[in-house]
Amino acid sequence: MSRLLAALAALLLISPALAQDDKKPAPAPAQDDKKASDADVDAKTKAAIQREIDRAKEDLRNEVRAEIQGAQSAAEFLGTVAEGPKLEFFTLDGYFRFRGESMMNLDVTGKPDASGYYLFPVPLQNPGHSDTLQTANMRLRLEPTLNVSENVRVRAQVDVLDNYVLGSSTSNLVDQPGSPYPVPFYGTTRVVSPGDPRVDRPAISPKRVWGEVQTPVGLLSFGRMPSEWGLGILSHAGAGLDDDLGDTVDRLQFALPPVTTPLGRLAFVPILDFDSEGVLYGDSRFGNAQGQPFDAEQGDDGRTYGLKVARVDTEDEIRRKHERNEASVNFGVYYNYRQQRWFYPQWNCTDPAVPCGLGGTYAPGGTDPTTYGDTATAIHRSAYASIASLWIRYLGPRLRVETEIAGVYGHVGDPRSDPTQPQPSPVLLRQLGGTLVVDYKVLPNKVNLGFELGMASGDDAPGFGNDPGRLVGAGSASYTQGNQTPYGSVEGAQWRPGIDRSIRNFRFNPAYRVDLVLWRHIIGQVTDAMYVKPTLRWDILPGLRLDEALVYSRAMFAQSTPSAKPDPRDSSGYTYLKGSGDANLGIELDSTLTYGSGDGFHAWASWGVLQPLGGLSFEDAKMSRAHFVELGLAAKF
């Protein structure tokens, strides 16, 4: 601010002199040489003064720009901090969404894999022939904000009928045992009743609640809140209209105002995440769900200590730079250290009749310390991981280049869940993933051409590893040795005691969208693979846009695909000798037409078709193209 005040003072002192000089009459042409020489001196003085004024104006602009940048960056940082509170005490944002979907041949082959599972759920009737699933669902998302004062606010996210399938909550007149009308013509009343076997979630789900306090030294946020970073391959909040997933964390964070460094003005955000609290004690005086439960042991707590350091321009700053034909260059690093020392498996039961760890020193109904709460059964997990992500973005008037590279380096000393089993060797975490996005405006505000390249590390263990806890199914009678995953499985554990002691498959955040069919629905998220994706965006009319994408996907290791077969020397199929397989997964064409009215109404139509390649085939099964069609309507407020 001192430079700003100096510039203003210079303007006040210089401007009157310049104004008086401007009022001087021009010298007469008949004046002698001395007067002409004086005029030349006056012109040079005037030019020097003008240069000083221009320099002072530029300094003033730079100071004002820096002040604005600091204020805006303190109020908004990578989506984790919202804009300053509005004057209204209560504001409400959100949307109501309706979607209809048709999924055709997403199981690709119509046959189960080596573990007895289909690539995608199949119809109950004639699964090998009629292979089309159709459904419709809805969601009302409410995001209220309570502005307690100009510096204090409480924010929340509440979903009502979150992805409820239309037709899932019918009256008891429809196909109920003992119903006098066992036909659907009388089921016109839709009700939400507890225990409905067709409903897997509550009708009202409060998902996030957190507070924000703007202090003189930064923004304090605390509670259960969304988490977002960079492109979203590591942390993604899932805030889009068509999103189903997203990261929610129990967090305490403090966003400091940007400070000047040799790398520019950087914002620092220290973070503490409560990942897992482990065993809890209840208030035994009043019973469960009364009073305040509390942590029974500090050693089994899972904690993440994080730090974000970033240089981020706001939308206004980007717009001003583009108006000056300048580029916006932003970058940052997000680092997490995650650790857990102990694990108490005897308290980790799933029987709803035995709320383990609540109600006293030992679980209800048990007083034997060798059964519940005994430290002798504790597992010294000794787990830690360093998780880091580097994000860089170049945003010019016409060209955008953005990349994120993330990695995990960690160690699990004792990975057992059952203390009665022999202790295996420690498990190593060695994972790396990244993506690069390039977008160029061929015709500004009309046509964009783009390119995306993504990669997630993996290894030669059977299956992709998105569902590592999946057991061998009933359809794999030839594989009966324990629950080990055979080659030719879509999913499976990525480590085995005595065989494989590392987990190397990096998993993209499931909310990060790459396509419509293969990664979104069949496999679930990008892992143990790479993909190449050219794109086209055409803004046909104001509010009407067409997006096209062609995605080629290939596994990092052919042994992870359903086409993998064990080495011929391996008669059991479990010694993990590198077998054969095809790494090519598929080529997919995706099209999405979206419309926004400008007053809150949104509509979209998406169609994706996947041509499966050899990597998705097992036992030489005949493959069919997979299609996904979605129609969506939304009212955003």
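Just so we're clear, the structure is a prediction, and the values are computed from it rather than from any experiment. (Residues numbered from 1 in each chain as written. Predicted model: local features only at pLDDT ≥ 70, side-chain atom pairs only at ≥ 80, totals over all residues. Heavy atoms only, no water.)

Peer 1: I would appreciate a short explanation of the overall build of the chain in the present structure.
Peer 2: When helices and strands are tallied, the chain shows four helices and 22 strands. Sorting the 637 residues of the chain into buried and exposed places 41% on the buried side. In the chain, 68% of the contacts between residues at least 6 apart in sequence involve partners at least 24 apart. (Helix = DSSP H or I, 4+ residues; strand = E, 2+ residues; numbered from the N terminus. Buried < 20%, exposed > 50% of the residue type's maximum accessible area, 1.4 Å probe, protein only. Contact = heavy atoms within 4.5 Å.)

Peer 1: I keep staring at the layout of surface pockets and nothing clicks. Help me out?
Peer 2: A probe as big as a water molecule, rolled over the atoms, marks out the empty space that is left. Taken as a whole, the second largest pocket encloses approximately 1500 Å³ of empty space. Taken together, 46 residues form the lining of the second largest pocket, with Arg338, Ile387, Leu429, Gln431 and Arg507 sitting closest to its centre. Of all the elements in the fold, those that place two or more residues in the lining of the second largest pocket are β6 (248–255), β8 (264–276), β11 (302–311), β12 (328–340), β13 (383–395), β14 (399–412) and β15 (427–443). In terms of residues, the lining of the second largest pocket owes the most to one element, β12, which gives five residues. The class makeup of the residues in the lining of the second largest pocket is 21 nonpolar, 17 polar and eight charged. (1 Å grid on protein atoms, 1.4 Å probe; cavity = no way out; pocket = protein on both sides within 12 Å on 5 of 7 lines; lining within 4 Å. Points joined across faces, edges and corners; volume = space filled by probe spheres on them. Nonpolar A, V, L, I, M, F, W, Y, C, P; charged D, E, K, R; others polar.)

Peer 1: Is there a simple way to think about the pattern of salt bridges in this case?
Peer 2: It is possible for side chains bearing opposite charge to pair when their charged atoms get close. Tallied over the full model, the rule gives 31 salt bridges. The salt bridge partner of Arg251 is Asp273, with a shortest N-O separation of 2.7 Å. Of this pair, Arg251 sits in strand β6 while Asp273 sits in strand β8, and the two are 22 residues apart along the sequence. For Arg251, a relative accessible area of 3% puts it in the buried group. Assessed through its relative accessible area of 4%, Asp273 is described here as buried. Of the charged contacts, one joins Glu326 and Arg324 as a salt bridge, the two residues approaching to 3.1 Å between their closest N and O atoms. The exposure class of Glu326 is partly exposed, given its relative accessible area of 34%. Each of Arg97, Arg99, Asp242, Asp243, Asp244, Arg513, Arg520 and Glu630 takes part in one network of salt bridges that share partners. (Salt bridge = Lys/Arg side-chain N within 4 Å of Asp/Glu carboxyl O.)

Peer 1: Which parts of the structure should I look at to understand a nonpolar patch on the surface?
Peer 2: Where nonpolar side chains cluster on the molecular surface, the patch consists of Tyr305, Val333, Tyr335, Tyr337, Tyr384, Leu390, Ile392, Ile405, Tyr409 and Leu432 and spans about 890 Å² of accessible area. Contributing elements (two or more residues each) for the nonpolar patch: β12, β13 and β14. We classify Tyr337 as partly exposed; its relative accessible area is 31%. (Patch = residues over 30% accessible without salt bridge, like charges linked within 9 Å, V, L, I, M, F, W, Y side chains within 5 Å. Areas by Shrake-Rupley, 256 points an atom, 1.4 Å probe, with all protein chains shown as cover.)

Peer 1: What is the right way to read the pairing of β8 from this model?
Peer 2: Across a regular strand the side chains alternate sides, sitting on one face of the sheet and then on the other. Pairing of β6 with β8 involves three bridges; the strand directions are antiparallel. Within the sheet, the bridge partner assigned to Leu252 lies in β8 and is Leu272. Bridge count for strand β7 (residues 259–261) against β8 is three bridges, and the pairing is antiparallel. Residue pairing in the sheet places Val259 in a bridge with Leu266 of β8. Where β7 folds back on β8, the antiparallel hairpin that results is connected by two residues. Pairing of β8 with β11, which is carried by nine bridges, proceeds in the antiparallel orientation. Across the sheet, residue Pro270 finds its bridge partner in β11, namely Leu307. (Pairing = 2+ DSSP bridges.)

Peer 1: Before we go on, may I ask you to explain unusual backbone geometry in this structure?
Peer 2: A negative phi angle characterises most non-glycine residues, just as the trans form characterises most peptide bonds. The backbone phi angle of Asn163 is positive, close to 55°, even though this residue is not glycine. Along the polypeptide, Asn163 turns up in strand β3 (residues 152–165). Under the relative-accessibility criterion, Asn163 is labelled buried at 16%. Despite not being glycine, Ser382 shows a phi value in the positive range, around 45°. Structurally, Ser382 can be placed in the loop between β12 and β13.

Peer 1: In this structure, what is going on with the confidence of the model for the chain? I would like to understand it.
Peer 2: Do not read the predicted coordinates in detail wherever pLDDT is low. For the chain, the mean per-residue pLDDT works out to 82, and 76% of the residues sit at or above 70. Counted against residues more than four places away or in other chains, residues 68–76, with its pLDDT under 50, gives 25 contacts. Taken together, the stretch residues 477–482 has pLDDT below 50 and engages in eight contacts with residues farther than four places along the chain or on a different chain. (pLDDT = per-residue confidence, 0-100.)

Peer 1: When you look at helix α3 (residues 315–323) in this model, what are you seeing that I'm missing?
Peer 2: Owing to its 3.6 residues per turn, the α-helix brings residues three or four apart onto one side. The set of residues buried in α3 consists of Glu317, Ile318 and Lys321. Looking straight down α3, one finds that the buried residues subtend no more than 100° of arc, so they occupy a single side. Pointing more than 90 degrees away from the buried face of α3 are the exposed residues Glu315 and Glu323. Within two residues after α3, Asn325 carries a phi angle of roughly 60°, on the positive side. (Arc of directions from axis to C-beta.)

Peer 1: When you look at the environment of Leu256 in this model, what are you seeing that I'm missing?
Peer 2: Inspection of the secondary structure puts Leu256 in the loop between β6 and β7. With relative accessibility at 33%, the residue Leu256 sits in the partly exposed group. For the pair Leu256 and Thr215, spaced 41 residues apart in sequence, the C-alpha separation works out to 9.6 Å. Discounting chain neighbours no more than four positions away, the residues touching Leu256 are Val217, Gly218, Ala267 and Phe268.

Peer 1: Whenever I open this one, the nonpolar core confuses me. Can you help?
Peer 2: Here is a general trend for soluble globular proteins: nonpolar side chains tend to be buried in one another's company. With 39 residues, the main nonpolar core has Phe508, Tyr512, Val517, Leu518, Trp519 and Ile522 as its most contacted residues. Taken together, the elements giving at least two residues each to this core come down to β13, β14, β15, α4 (518–522), β18 (529–541), β19 (544–555) and β22 (626–636). By residue number, the principal contributor to this core is α4, which donates three residues. Non-local contacts of Trp519, meaning those with residues more than four positions away in its chain, are made with Val514, Gly524, Gln525, Val526, Thr527, Ala529, Ser553 and Leu585. Counting residues in each nonpolar core, the second largest holds nine residues, with Trp229, Ala310, Tyr334 and Trp391 among its members. (Core = buried A, V, L, I, M, F, W, Y, C linked by side-chain atoms within 4.5 Å.)

Peer 1: How should I be thinking about the packing of aromatic side chains in this particular structure?
Peer 2: For any two aromatic rings, the description comes down to two numbers: the centre-to-centre distance and the angle of the planes. Under the criterion given, the structure shown has seven aromatic pairs. For the pair Trp229 and Tyr334, a centre-to-centre distance of 5.5 Å together with 45° between the ring planes defines the contact as tilted. With Trp229 in the loop between β5 (218–226) and β6 and Tyr334 in strand β12, this pair connects stretches of sequence that are 105 residues apart. A relative accessible area of 3% places Tyr334 in the buried class. (Phe/Tyr/Trp six-rings, centres within 6.5 Å; stacked < 30°, edge-to-face > 60°.)

Peer 1: Looking at this model, I keep getting lost on the side chain of Asp300. Mind explaining?
Peer 2: Within the secondary structure, Asp300 sits in the loop between β10 (294–295) and β11. Here Asp300 sits buried without a salt bridge, and the closest side chain of opposite charge, Arg303, lies 7.9 Å off (N-O distance). Those residues in contact with Asp300, other than ones at most four positions away along the chain, are Ser276, Glu277, Gly278, Val279, Asp295, Gln340, Trp342 and Tyr344. (Lys, Arg positive; Asp, Glu negative; His and termini not counted.)

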